[in-house]
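Read off the chains here:
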Amino acid sequence: MFPLLKKVETWVRNQWVDATVGFILLFTALNDTGDTLVDDVITGNVGTSHGVLVLGLAHVIRSIPPVIKSIGIIFYPEKT
């Protein structure tokens, strides 16, 4: 129906893009909250950067199985 839309959807659902976005979110949130993360959680002083940290962690965890599968396909091809 819409070829450009299908190409964009394929790119957005790529596991490597998901992993990259996850790592970017994770590292930027850790940079913002790294010094006071434990104290903020204990005192309940939770903000948006803490939510971004959780979102980045979720992206990274969600992308692990497909990335490992694709690495396995590259280095261990099936023999026919």
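Residues numbered from 1 in each chain as written. Predicted model: local features only at pLDDT ≥ 70, side-chain atom pairs only at ≥ 80, totals over all residues. Heavy atoms only, no water.

1. Regarding a nonpolar patch on the surface
Residues W16, I71, I74, F75 and Y76 make up a contiguous nonpolar surface patch of about 620 Å² in total accessible area. The biggest single contributor to the nonpolar patch is helix α4 (residues 48–75), with three residues. Secondary-structure assignment places I71 in helix α4. (Patch = residues over 30% accessible without salt bridge, like charges linked within 9 Å, V, L, I, M, F, W, Y side chains within 5 Å. Areas by Shrake-Rupley, 256 points an atom, 1.4 Å probe, with all protein chains shown as cover. Salt bridge = Lys/Arg side-chain N within 4 Å of Asp/Glu carboxyl O. Helix = DSSP H or I, 4+ residues; strand = E, 2+ residues; numbered from the N terminus.)

2. A closer look at the side chain of H50
With respect to the helices and strands, H50 occurs in helix α4. Within polar-contact distance, the side chain of H50 engages the side chain of D40 at 3.2 Å. Residues contacting H50, with those up to four places away along its chain left out, are T33, L37, D40 and N45. (Polar contact = N/O pair within 3.5 Å; in protein donor to acceptor, adjacent residues only side chain to side chain. Contact = heavy atoms within 4.5 Å.)

3. Notes on the pattern of salt bridges
As enumerated under the stated definition, the model contains two salt bridges in all. Linking D18 and R62 is a salt bridge whose minimum nitrogen-to-oxygen distance equals 3.0 Å. One end of the pair, D18, is in helix α2 (residues 15–33); the other, R62, is in helix α4, with 44 residues separating them in the sequence.

4. Comments concerning α2
The end-to-end C-alpha distance of α2 is 26 Å, a good match for the 27 Å that 19 residues give at a rise of 1.5 Å each. What α2 keeps buried is the set V17, D18, A19, G22, L26, A29 and T33. Against α1 (3–12), α3 (37–43) and α4 lie the buried residues of α2. The distance from a side-chain oxygen at the start of α2 to the backbone nitrogen of W16 is 2.9 Å, and the residue carrying that oxygen is N14. (Expected span 1.5 Å × (residues − 1). Buried < 20%, exposed > 50% of the residue type's maximum accessible area, 1.4 Å probe, protein only.)

5. Quick word on the packing of α2 against α4
Two elements in contact, α2 and α4, have axes whose closest approach is 7 Å; the angle formed by their N-to-C orientations is 150 degrees. In the packing of α2 onto α4, the handedness of the crossing is left-handed. A class-by-class count of the residues in the contact of α2 with α4 yields 16 nonpolar, nine polar and three charged. (Axes fitted to C-alpha atoms, helices over the stretch in contact; angles between N-to-C directions. Left-handed = near helix turned anticlockwise from the far one by under 90°. Nonpolar A, V, L, I, M, F, W, Y, C, P; charged D, E, K, R; others polar.)

6. As for the side chain of S63
Among the secondary structure elements, S63 is positioned in helix α4. Given the relative accessible area of 3%, S63 is considered buried. Of note is the side chain of S63, whose polar atom sits 2.9 Å from the backbone oxygen of V60. Filtering out sequence-adjacent residues up to four positions away, S63 remains in contact with Q15, D18 and A19.

7. Re the environment of V46
The topology assignment puts V46 in the loop between α3 and α4. Taking the C-alpha atoms as reference points, V46 and L30, 16 residues apart in sequence, are found 13 Å from one another.

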